[in-house]
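# Fold and contact review
Chain by chain, the residues run as shown.
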Protein chains: 2
Amino acid sequence: MRPDGRVQPAGMLAQLTSAPKPPDAPSFKTFERRVPDGDTLERLVCRDCGHIHYDNPKIVVGAVITQGEKFLLAKRAIHPRKGYWTLPAGYLEERETTEAGAAREAMEEAGATIAIDALLAVYSIPRISQVQLIYRATLASPEFAAGPESLEVGLFAWDDIPWTELAFPSVVWSLNYFREVQGVKVFAPFTNPVGDLGNGAPA
Amino acid sequence: MRPDGRVQPAGMLAQLTSAPKPPDAPSFKTFERRVPDGDTLERLVCRDCGHIHYDNPKIVVGAVITQGEKFLLAKRAIHPRKGYWTLPAGYLEERETTEAGAAREAMEEAGATIAIDALLAVYSIPRISQVQLIYRATLASPEFAAGPESLEVGLFAWDDIPWTELAFPSVVWSLNYFREVQGVKVFAPFTNPVGDLGNGAPA
């Protein structure tokens, strides 16, 4: 995860990573809102150098990772939701495929090498301008270990998942969706459950 | 589409929209490359105000839109690939779901109201840091018309599609994928064809 989220959203409404820095944050002090030439929407433009700051929706990639009947979860060492359990997931980087990003996050956060099997879900979280692509994967090798962003990493049987200590709604959704298509080879990826906390029901 | 792409990539390698502005573009003249505190990668940081510019991968949303057996295509009025035919598609905006973005682009570029049915494909184009989500949709109402970014909009039977005048590889992929799952209700979304021009074979 990258440190471009300074806002710590309240509890579970935070979605896998923190929200982007608000436009009135100190580092934007030379920026003003206006519609650039040829554009249709207002953007933040630097009065001094003309640099246009585009707020793009951010892509989060991650995976529900299993070994046999157990699920790999990581306990967050960072805000937001420090101390809560999550799926290995984080921001896609430049020049990265979504699958490579999900595999990198599994390695960074959980020391895990994974084999991706299917796209489990695509969530839109418009409140924080985030799109999440969550894959279904297995551990390709039995080793795992907490990375710098995790306090602890563990394999949990379904009944032992710390349901009341999961970090984000999309972690709950993803685990339940996984169970819904367990053993199913071909399925359409899920989207946000309608009316759920994510505030991102598809249009 | 938004005007944050100044580079006009050569021919079909451009992917539905133009590439992001390069870091050495004039408006970045006060920025330097360095690793911000708590980060692991170099970012562009303004020497004057400390603003950190994150280059995030961009999300493009679009749809293969049909009416009966015909496909709705738009002839591009803008660079890149001006004069070539494309699917209605463009950058996802802030605070927008992917489905709402695809519907907005259909309206903006082709004056079309659409009903989304399934996620057809997810393409990663790492060369230009782009992730494309292409939906399968039908015209919800028979009207359509060229928007400001299109020269012309038309419905084409499969055999009449201007195959040699399609704007981007992902347009070709998407039309072919559409045919592959025509009539199929539940399917896994496609990804880049391995080894194709998009230079984005999944990891």
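Residues numbered from 1 in each chain as written. Chains lettered and ligands numbered in written order. Predicted model: local features only at pLDDT ≥ 70, side-chain atom pairs only at ≥ 80, totals over all residues. Heavy atoms only, no water.

## Notes on the overall build of chain A
Along chain A, the regular secondary structure elements total two helices and ten strands. Traced from its N-terminal end to its C-terminal end, chain A shows the element sequence β-β-β-β-β-β-β-α-β-β-β-α. Taken across its 203 residues, chain A has 58% of its residues classed as buried. Taking contacts inside chain A between residues at least 6 apart in sequence as the whole, the part at least 24 apart equals 61%. (Helix = DSSP H or I, 4+ residues; strand = E, 2+ residues; numbered from the N terminus. Buried < 20%, exposed > 50% of the residue type's maximum accessible area, 1.4 Å probe, protein only. Contact = heavy atoms within 4.5 Å.)

## Remarks on the nonpolar core
If you look at the biggest cluster of nonpolar residues, it comprises 40 residues, and the most contacted ones within it are Ile65(A), Leu133(A), Ile65(B) and Leu133(B). Excluding its chain neighbours within four sequence positions, the residues that come into contact with Ile65(A) are Lys70(A), Phe71(A), Leu72(A), Pro88(A), Ala106(A), Ile114(A), Ala137(A), Thr138(A) and Leu139(A). (Core = buried A, V, L, I, M, F, W, Y, C linked by side-chain atoms within 4.5 Å.)

## Digging into the pattern of salt bridges
All names here are of chain A. By the definition in use, this model includes 16 salt bridges over all chains. Of the charged contacts in the structure, one is a salt bridge between Glu 108 and Arg 104, with a shortest N-O distance of 3.2 Å. One end of the pair is Glu 108 and the other is Arg 104, both in helix 1 (residues 98–110) and four residues apart, which spans about a single turn. Judged by relative accessible area, which is 34%, Glu 108 ranks as partly exposed. Here the residues in one salt-bridge network are Glu 96, Arg 104, Glu 105 and Glu 108, joined through shared partners. (Salt bridge = Lys/Arg side-chain N within 4 Å of Asp/Glu carboxyl O.)

## Points about the sheet that holds strand 3 (residues 52–53) of chain B
Residue and element names in this part refer to chain B. Overall, antiparallel pairing links the three strands, which are arranged 1-2-3 in an open sheet. Two strands in the sheet have a free side with no partner beyond their single neighbour: strand 1 (31–34) and strand 3. Pairing analysis gives two bridges linking strand 2 (residues 43–46) to strand 3, with the strands arranged antiparallel. Each residue of the ladder has a partner; that of Leu 44, found in strand 3, is His 53. (Pairing = 2+ DSSP bridges.)

## A few points about the packing of aromatic side chains
Residues and elements named next belong to chain A. A complete count under the given rule lists 16 aromatic pairs over all chains for this structure. With centroids separated by 5.1 Å and ring planes inclined at 80°, the aromatic side chains of Phe 71 and Phe 178 adopt a geometry described as edge-to-face. Placement of Phe 71 in strand 5 (residues 70–76) and of Phe 178 in helix 2 (residues 169–180) is noted, with a sequence separation of 107 residues between them. Take Phe 71 and Phe 178: they sit in the same class, and that class is buried. Of the aromatic side chains, those joined through ring pairs into one cluster are Tyr 123, Trp 173, Tyr 177, Phe 187 and Phe 190. When the ring centre of Tyr 84 is taken as origin, the NZ or CZ atom of Arg 81, which lies over that ring, is 3.7 Å away. Note that Arg 179 overlies the ring of Trp 158, its terminal NZ or CZ placed 4.2 Å from the centroid. (Phe/Tyr/Trp six-rings, centres within 6.5 Å; stacked < 30°, edge-to-face > 60°. Lys NZ or Arg CZ within 6 Å of the ring centre and 35° of its normal.)

## A word on the sheet that holds strand 2 (residues 43–46) of chain A
On the basis of which strands lie adjacent, the open sheet formed by three strands has the order 1-2-3 (chain A) and antiparallel pairing. If you trace the sheet from one side to the other, it starts and ends with strand 1 (31–34) and strand 3 (52–53) of chain A, each paired once.

## A look at helix 1 of chain A
An α-helix turns once per 3.6 residues; consequently, residues spaced three or four apart project the same way. Residues and elements named next belong to chain A. For helix 1, which comprises 13 residues, the first-to-last C-alpha distance of 18 Å matches the rise-based estimate of 18 Å (1.5 Å per residue) to within 8%. Within helix 1, burial applies to Thr 98, Glu 99, Gly 101, Ala 102, Arg 104, Glu 105, Ala 106, Glu 109 and Ala 110. Phi turns positive one or two residues past the end of helix 1, at Gly 111, with a value near 55°. (Expected span 1.5 Å × (residues − 1).)

## Quick word on the relation of the copies chain B and chain A
Superposing chain B onto chain A requires a rotation of 180° together with a translation of 0.0 Å along the rotation axis, leaving an RMSD of 0.1 Å. Between the two chains, the operation in question is that of a two-fold axis. Taken as a fraction of all interface residues of chain B, those also at the interface in chain A reach 100%, which identifies the copy contact as same-surface. (Least-squares fit on C-alpha atoms with pLDDT ≥ 70 in both.)

## Considerations on the interface of chain B and chain A
Between chain B and chain A, the contact holds 50 residues from the first and 50 residues from the second. In this assembly, chain B packs against chain A so that about 4,200 Å² is buried in total across both faces, 60% of it on carbon and sulfur atoms. When the buried area of chain B at its contact with chain A is split by residue, His51(B), Pro57(B) and Glu94(B) rank highest and sum to 13% of it. Seen at the junction of chain B and chain A, the total is two salt bridges. The tally of links between chain B and chain A comes to eight residue pairs in polar contact (both at pLDDT 80 or more). At the level of secondary structure, the elements contributing two or more residues to the side of chain B that touches chain A comprise strand 3, strand 4 (58–67), helix 1 (98–110), strand 8 (114–125) and strand 9 (130–139) of chain B. Here the side of chain B that touches chain A is built from residues that sort into 23 nonpolar, 13 polar and 14 charged. (Buried area = accessible area lost by both parts, 1.4 Å probe. Polar contact = N/O pair within 3.5 Å; in protein donor to acceptor, adjacent residues only side chain to side chain. Nonpolar A, V, L, I, M, F, W, Y, C, P; charged D, E, K, R; others polar.)

## Here's the deal with the confidence of the model for chain A
All names here are of chain A. Chain-level pLDDT for chain A is 85 on average; 82% of the residues reach the 70-or-more range. The low-confidence segment residues 1–10 (pLDDT under 50) makes 42 contacts with residues lying over four places distant or belonging to another chain. Low pLDDT, under 50, characterises residues 197–203; the predicted model gives this stretch 21 contacts beyond four residues in sequence or across chains. (pLDDT = per-residue confidence, 0-100.)

## Quick word on unusual backbone geometry
All names here are of chain A. Cis peptide bonds are those with omega within 30 degrees of zero, and the linkage from His 79 to Pro 80 qualifies with -5°. Counting through the fold element by element, Pro 80 comes out in the loop between strand 5 and strand 6 (85–86). Phi at Arg 95 is positive, roughly 55°, even though this residue is not glycine. Relative to the helices and strands, Arg 95 is located in the loop between strand 7 (89–91) and helix 1.

## So, the side chain of Arg76(B)
All names here are of chain B. Structurally, Arg 76 is set in strand 5 (residues 70–76). The buried charged residue Arg 76 lacks any salt bridge, with Glu 109 as its nearest oppositely charged partner at 5.5 Å. A polar side-chain atom of Arg 76 sits 2.7 Å from the main-chain carbonyl oxygen of Pro 80. (Lys, Arg positive; Asp, Glu negative; His and termini not counted.)

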